[in-house]
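Structural overview for review
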Amino acid sequence: MTNVAYLGLGIMGRGMAANLLKAGHTVTVWNRTPERCQPLVAQGAKQASTPAEAVADAEVVMYCLSDDRAVEDLVWGAGRLIDAVRPGQVVLDMTTVHPDTSRKEHAAYAEKGVDFLDAPVFGSKNEAANGGLWIVVGGKREVYERVLPLLQPLSETTHYMGGAAMGASMKLVGNLVVAFQLEALGEAMVLATKAGLNPHDVLGVLHVTDFKSPIFDGVGAALVRRDFDVHFALKLMLKDANLIARFAQDLNVPIPGAAAIRENIKIGVNKGWGEENASAFIKVLEEGAGVEVKG
């Protein structure tokens, strides 16, 4: 078993830390809001008051935070994680960040003699809680293979994508696909509603056709119930859409469809729906079509 420090206990971090405990690993947790540690302490985790305290005895350090700014603050800012790590440790950043942030982390940890992997995850609250995430990893293959026993209790599958920042790059590529699926589902359901189709019948077709998708199944059913309970917040989807736009701009890749989707997400956040689930931006499409759906 491995001594693990888990830093950041949002929706995703809580689920991952809990699954590490269930797998028998020793887990020390830290969160900027200390109260979030209590459910994990009740499950057997140790609580640290600072990142430095959390990583003092750790073999592996993991963190999953909200955005690049939070990573910067933990590693180089108030958290000063870069000063607390020591040679021989392995650090995994499971946050969705720009590849430049991952490259900066790789370089900084290498100077400290610390192995680093960028290892963001696909999935949301349920997958994190149930150990069903899909993890994409960048860094040294031998380090990836060394930490596989830690990744397996968290995931349905893991994927080694290549060197530094390749996991972060793959995450943005995948999130581009997710954005299109949510937009397609939203547009289709609004069109179907205005055409007078029964939404349950529509979902029945989407469930069995050659263009079926788990996202259509899960999010579609929630849309019909008008359930926007947060699994992945709309404000974070906007953060990811902005990262994708920047990433594509860096590589001079046109993504016109994604640009249009990003505008709809912006409108949804500006309407005050940023704390709701990412699927809430269907309400932007409904308003544009003059469709009123009662929940």
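The following paragraphs examine the structure supplied in this document. All figures in this text were calculated on a predicted structure; none of them were measured in a lab. (Residues numbered from 1 in each chain as written. Predicted model: local features only at pLDDT ≥ 70, side-chain atom pairs only at ≥ 80, totals over all residues. Heavy atoms only, no water.)

1. Focus on the overall build of the chain
- Regarding its fold elements, the chain presents 14 helices and nine strands.
- In terms of overall size, the chain behaves like a compact globule, its C-alpha atoms giving a radius of gyration of 20 Å where 295 residues would be expected to give roughly 19 Å.
- The C-alpha extent of the chain, read off along each of the three principal axes, is 65 × 45 × 35 Å.
- When burial is assessed residue by residue, the chain has 49% of its 295 residues classed as buried.
- When the accessible surface of the chain is split by element, carbon and sulfur atoms take 55% of a total near 13600 Å².
- A gap of 2 Å separates the mean positions of the 28 positive and 34 negative side-chain charges of the chain. (Helix = DSSP H or I, 4+ residues; strand = E, 2+ residues; numbered from the N terminus. Rg over C-alpha atoms; globule rule 2.2 N^0.38 Å. Buried < 20%, exposed > 50% of the residue type's maximum accessible area, 1.4 Å probe, protein only. Areas by Shrake-Rupley, 256 points an atom, 1.4 Å probe, with all protein chains shown as cover. Lys, Arg positive; Asp, Glu negative; His and termini not counted. Charge placed at Lys NZ, Arg CZ, Asp CG, Glu CD.)

2. Here we look at the environment of Ala-108
- Examined against the element boundaries, Ala-108 turns out to sit in helix H6 (residues 99–111).
- Not counting the four nearest positions on each side in its chain, Ala-108 is found in contact with Trp-76 and Ile-82. (Contact = heavy atoms within 4.5 Å.)

3. Thoughts on the pattern of salt bridges
- As enumerated under the stated definition, the model contains 15 salt bridges in all.
- Asp-100 serves as the salt-bridge partner of Arg-103, at 2.9 Å between the closest nitrogen and oxygen. Of the two residues, Arg-103 and Asp-100 both sit in helix H6, three residues apart, roughly one turn of that helix.
- Judged by its relative accessible area of 38%, Arg-103 falls in the partly exposed class.
- Look at Asp-100 and you get partly exposed, because its relative accessible area is 36%.
- Measuring nitrogen to oxygen at the nearest pair gives 2.8 Å for the salt bridge that ties Lys-239 to Asp-240.
- Of the residues examined, Asp-240 reaches a relative accessible area of 3% and is grouped as buried.
- Overlapping salt bridges, with partners in common, bring together Asp-100, Arg-103 and Arg-246 in one network. (Salt bridge = Lys/Arg side-chain N within 4 Å of Asp/Glu carboxyl O.)

4. Some points on the environment of Val-136
- Residue position: Val-136 is located in strand S8 (residues 133–138).
- The sequence separation of Val-136 and Lys-171 amounts to 35 residues, and the corresponding C-alpha distance is 7.0 Å.
- Those residues in contact with Val-136, other than ones at most four positions away along the chain, are Asp-118, Ala-119, Pro-120, Phe-122, His-159, Met-161, Gly-167, Met-170 and Lys-171.

5. Some remarks on unusual backbone geometry
- For Arg-80, which is not glycine, the phi torsion reads 50° and is therefore positive.
- If you trace the backbone, Arg-80 turns up in the loop between helix H4 (68–75) and helix H5 (81–84).
- Judged by its relative accessible area of 36%, Arg-80 is partly exposed.
- Phi at Ala-165 is positive, roughly 75°, even though this residue is not glycine.
- Residue placement: Ala-165 occurs in the loop between strand S9 (155–162) and helix H9 (166–194).
- With relative accessibility at 0%, the residue Ala-165 sits in the buried group.

6. What about the packing of aromatic side chains?
- In this structure the tally under the stated criterion is two aromatic pairs.
- With centroids separated by 5.2 Å and ring planes inclined at 20°, the aromatic side chains of Tyr-109 and Phe-116 adopt a geometry described as stacked. No difference in accessibility class separates Tyr-109 from Phe-116, as the two residues are buried.
- Measuring from ring centre to ring centre gives 5.5 Å for Tyr-144 and Tyr-160, while their planes differ by 35°; the resulting arrangement is tilted. Highlighted residues: Tyr-144 in helix H8 (residues 141–151) and Tyr-160 in strand S9, separated in sequence by 16 residues.
- Since its relative accessible area comes to 7%, Tyr-144 is described here as buried.
- On the accessibility criterion, Tyr-160 (23% relative accessible area) is partly exposed.
- Over the ring of Trp-76 we find Lys-104; its NZ or CZ atom is 4.4 Å from the centre of that ring.
- Seen from the ring of Phe-228, Lys-283 lies directly overhead, with NZ or CZ sitting 4.8 Å from the centre. (Phe/Tyr/Trp six-rings, centres within 6.5 Å; stacked < 30°, edge-to-face > 60°. Lys NZ or Arg CZ within 6 Å of the ring centre and 35° of its normal.)

7. As for the nonpolar core
- Ranked by internal contacts, the top residues of the largest apolar core, which has 34 residues, are Tyr-6, Met-62, Leu-92 and Met-94.
- Excluding residues that lie within four positions of it along the chain, Met-94 makes contacts with Tyr-6, Met-16, Met-62, Tyr-63, Cys-64, Ala-119, Pro-120, Val-121, Ile-135, Leu-151 and Leu-154.
- Listed in part, the 27 residues of the second largest apolar core include Val-202, Ile-261, Ala-280 and Phe-281. (Core = buried A, V, L, I, M, F, W, Y, C linked by side-chain atoms within 4.5 Å.)

8. Examining the packing of H4 against H6
- In the contact formed by H4 and H6, the axes pass within 11 Å of each other and the chain directions differ by 15°. Put simply, H4 runs roughly parallel to H6. Between H4 and H6 lies a crossing of left-handed hand. Contact residues: H4 offers Asp-68, Val-71, Glu-72 and Val-75, while H6 offers Thr-101, Lys-104, Glu-105 and Tyr-109.
- A class-by-class count of the residues in the contact of H4 with H6 yields three nonpolar, one polar and four charged. (Axes fitted to C-alpha atoms, helices over the stretch in contact; angles between N-to-C directions. Parallel < 35°, antiparallel > 145°, perpendicular 65-115°, else oblique. Left-handed = near helix turned anticlockwise from the far one by under 90°. Nonpolar A, V, L, I, M, F, W, Y, C, P; charged D, E, K, R; others polar.)

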